[in-house]
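Architecture and fold: a report
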Amino acid sequence: MMDPAVVIDVARLRKTFGPVTAIEDLSFTVHAGEIFGLLGPNGAGKSTTLRILITVLPPSAGTATVLGHDVVTEADTVRSLIGYVPQERAVDRFLTGREHLELLGGLYHLSRTETQARIAELLKLVDLEEHADRVAKTYSGGMKRKLDIACGLLPNPKIVFLDEPTLGLDVQSRLRIWDYIRRLREQGITIVMTTNYLEEADQLCDRLAIIDGGTIRVIGSPLELKTGLGGDSLALTIKDHETEKLPRLRDGVMALPLVRDVRINPTGLDVLVESPEKSLPAVIEVAQRLDCSLDGIEYHRPRLDDVFVAHTGHGLRGGTPDAAEE
Amino acid sequence: MTFQHYKQEVLALTMRWVRRLSREKFSMLFTLVQPMLFWLIFFGSLFQRAANIQILDAPNYMSFLAGGVVVMTVLNNGLAGGVDLLFDKENGFLERMMSTPIHRSSVILSRYLFVMAITGMQILVILSIAFVFGVRLETGLPGIAVILAIGMLFGVGLTAISMGIAFSVKSHGDFFSLLGFLSLPMIFLSSALVPLSAMPGWMQVVAMVNPMTWVIDAVRPLIITGWDAAIPQVALAFLILAIFDAVCLYGGAKAFRRAIG
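Structure report, in brief. (Residues numbered from 1 in each chain as written. Chains lettered and ligands numbered in written order. Predicted model: local features only at pLDDT ≥ 70, side-chain atom pairs only at ≥ 80, totals over all residues. Heavy atoms only, no water.)

In terms of regular secondary structure, chain A is built from 11 helices and 14 strands. Projecting the C-alpha coordinates of chain A onto the three principal axes gives extents of approximately 80 × 45 × 40 Å. The buried share among the 326 residues of chain A stands at 51%. Taking all contacts inside chain A whose residues are at least 6 apart in sequence as the whole, residues at least 24 apart take part in 68%. Working note: accessible area of chain A is about 14500 Å², and carbon and sulfur atoms make up 50% of it. (Helix = DSSP H or I, 4+ residues; strand = E, 2+ residues; numbered from the N terminus. Buried < 20%, exposed > 50% of the residue type's maximum accessible area, 1.4 Å probe, protein only. Contact = heavy atoms within 4.5 Å. Areas by Shrake-Rupley, 256 points an atom, 1.4 Å probe, with all protein chains shown as cover.)

This is the structure we're talking about:
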């Protein structure tokens, strides 16, 4: 497999605040066009990492480059290539949505016509056209978030950094934000985001790094991480008097494209599959073809929660119920 | 970084403050009116008879006080000037600005330009109200220009102090406590309200090292005496302000760099 283009390269990054070590020996790469997630609980070091990458925080040790430019020595170049959507609702209550974007147009040194063209495009993208000329203090949380995202996209960046993009949003707004983020990826924009929502990381990220206590515990695609724990599995139970058919059934199932491994157990088969939804009909068909009567099928799908616990030794929120994680 | 870019940034950032102000008309009105109403009219009228004209060396207390109120306005606006950046720091807006390819100083310069534009307008309002109360500027319109120049120069150092505090404190509560602690003594321990000769000895000593005193002593003769008396005082004030501004800018820049990186 060819190595995809590396757009962010972080090597042995470390940041301390006085006696507190926020991140320790962090290394990872982000590839062009992917959604890369930093997943971890509050205080894990996600935001610190992000703030170093957007050049507003100098690292204590180690290096980071964005599109080949060092975040410390070439900060100005990095700044002109990236967009940033902060965690806080960083809006000025007394400015209208349009005025926010005009201000940023000036800060990114866009011409007046360029700025106006971008503003029209972005207001449309985030559905804020109707509200563009109202002051931001009249905006709902979701609208402020949309404005935040429009602001981050104004410079037409190659890479967008999002810090907890859906923190505290209602379900509908969250789904809409996810939709915007996916649309950005379709346009070829690389996205780096932090999140402490497992579901968000699972749904949205092409690859993610699980960060805990300032270090990276594991990096991979959500699927890789989950299959690393054994993956999705089907448990087939066969009727008592037909157990002698199991080896044949095993061979038949093993030949299916989505099946990774099959093991015989006293009552049936354990089948490791890529996707239970897709493999289930095929497995049933094989059983029928071989004339095996199935007593039942169960499937188990490891969730990112399991991955998180396996790699950090604790849950993401220490058992606090969270509506977003249902 | 070209000059064209720098100009564009500073203009965009200054426009932000202007737009905000236009949304807070009520607050603007009070900002403009407060110093002349509270200090010039109330304080001036209150102490008119209590003040000894011989000691003041001025035709009346109002004309003595006018110079002090002008400089106090510069002091208060300058010292409070950084607070909006503190709010920006607290809600993440500053970080958003810092993630854009701007020269770091444009954030500060825009704030200074805005605060001093407001202050300049207030000075003109104060001098106009004083005029209504019979205070005639001995040096005329050129005198007003010199007063504005002194005010703007004093404002550089004050704004730098304010930003330095804003970028050093933990919360805006701390900022306002420190501000109150700083501004009133600077007013009372200066020649704003009474001449040095009327102060107890120890107070005179403290007032002598307060830059406020030197600034007021340059503005006051421009109002009540005339060019001959004013020119040496103005020259001295410019010299002292050059030093004062240099020190404050150095400290402010250090605090800024520590906070922003």
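That covers the picture; the talk isn't over yet.
Our focus in this paragraph is unusual backbone geometry. Residues and elements named next belong to chain A. Unlike most non-glycine residues, Asp25 shows phi in positive territory, near 55°. Among the structural elements, Asp25 can be located in strand β2 (residues 20-31). The phi angle at Glu164 is positive, at roughly 45°, despite the residue not being glycine. Here Glu164 is to be found in the loop between β7 (159-163) and α6 (171-186). Residue Glu164 is classed as buried on the basis of its relative accessible area, which comes to 2%.

The next thing to look at is the sheet that holds strand β1 (residues 6-17) of chain A. All names here are of chain A. Spatial strand order, β2-β1-β4-β5: 4 strands in an open sheet with antiparallel pairing. In this open sheet, the two strands that pair with only one neighbour each are β2 and β5 (69-70). Where helix α1 (residues 46-53) meets the sheet, its contacts fall on β1, β2 and β4 (61-66), and the angle it forms with β2 comes to roughly 60°. (Pairing = 2+ DSSP bridges. Axes fitted to C-alpha atoms, helices over the stretch in contact; angles between N-to-C directions.)

Moving on to helix α10 (residues 276-289) of chain A. Its 14 residues place the ends of α10 of chain A 20 Å apart at the C-alpha level, agreeing with the 20 Å of an ideal helix rising 1.5 Å per residue. Within two residues after α10 of chain A, Asp291 of chain A carries a phi angle of roughly 65°, on the positive side. (Expected span 1.5 Å × (residues − 1).)

A few words on the sheet that holds strand β11 (residues 232-238) of chain A. All names here are of chain A. An order of β12-β13-β11-β14 is seen for the 4 strands of this open sheet, with the pairing classed as antiparallel. Both edges of this open sheet fall to β12 (259-265) and β14 (294-300), since each of them pairs with a single strand only. Here the strands of the sheet are splayed against their neighbours by 15° on average, with no regard to which way each runs. Of the pairings in the sheet, the one linking β11 to β14 comprises 6 bridges and is antiparallel in character. Of the residues in β14, the one forming a bridge with Leu234 is Tyr299. Sitting on the sheet, helix α9 (residues 246-254) touches β11, β12 and β13 (268-273), and the angle it makes with β12 is about 170°. Of the strands in this sheet, β11, β13 and β14 touch α10, which is tilted by about 25° from β11.

Judged by nonpolar contacts, the single largest core of 97 residues is most densely connected at Ile8, Leu39, Phe161 and Ile191 of chain A. Leave out the neighbours within four places in its chain, and Ile8 of chain A touches Phe28, Thr29, Val30, Leu53, Thr65, Val66, Ile159, Phe161 and Val192 of chain A. Core analysis: the second largest hydrophobic core is formed by 56 residues, Val71, Ile126, Leu193 and Ile224 of chain B among them. (Core = buried A, V, L, I, M, F, W, Y, C linked by side-chain atoms within 4.5 Å.)

Describing two packed helices takes the angle between their axes plus the distance from one axis to the other. All names here are of chain B. Put simply, helix α5 (residues 83-91) and helix α8 (residues 140-168) touch, their axes get as near as 8 Å, and they point 20° apart. When the axes of α5 and α8 are compared, the pair comes out roughly parallel. Crossing angle aside, the handedness with which α5 passes α8 is right-handed. In this structure, α5 uses Val83, Leu85, Leu86 and Lys89 to contact α8, whose residues at the interface are Ser162, Met163, Ala166, Phe167 and Ser168. Here the residues of the contact of α5 with α8 sort into 6 nonpolar, 2 polar and 1 charged. (Parallel < 35°, antiparallel > 145°, perpendicular 65-115°, else oblique. Left-handed = near helix turned anticlockwise from the far one by under 90°. Nonpolar A, V, L, I, M, F, W, Y, C, P; charged D, E, K, R; others polar.)

Looking now at the side chain of Asn77 of chain B. All names here are of chain B. On the secondary structure map, Asn77 appears in helix α4 (residues 61-80). Engagement of the side chain of Asn77 in a polar contact is seen with the side chain of Thr119, the distance being 3.1 Å. Reaching out from Asn77, the side chain makes a polar contact with the side chain of Gln122 at a distance of 2.4 Å. Setting aside residues no more than four positions away along its own chain, Asn77 makes contact with Val115, Thr119 and Gln122. (Polar contact = N/O pair within 3.5 Å; in protein donor to acceptor, adjacent residues only side chain to side chain.)

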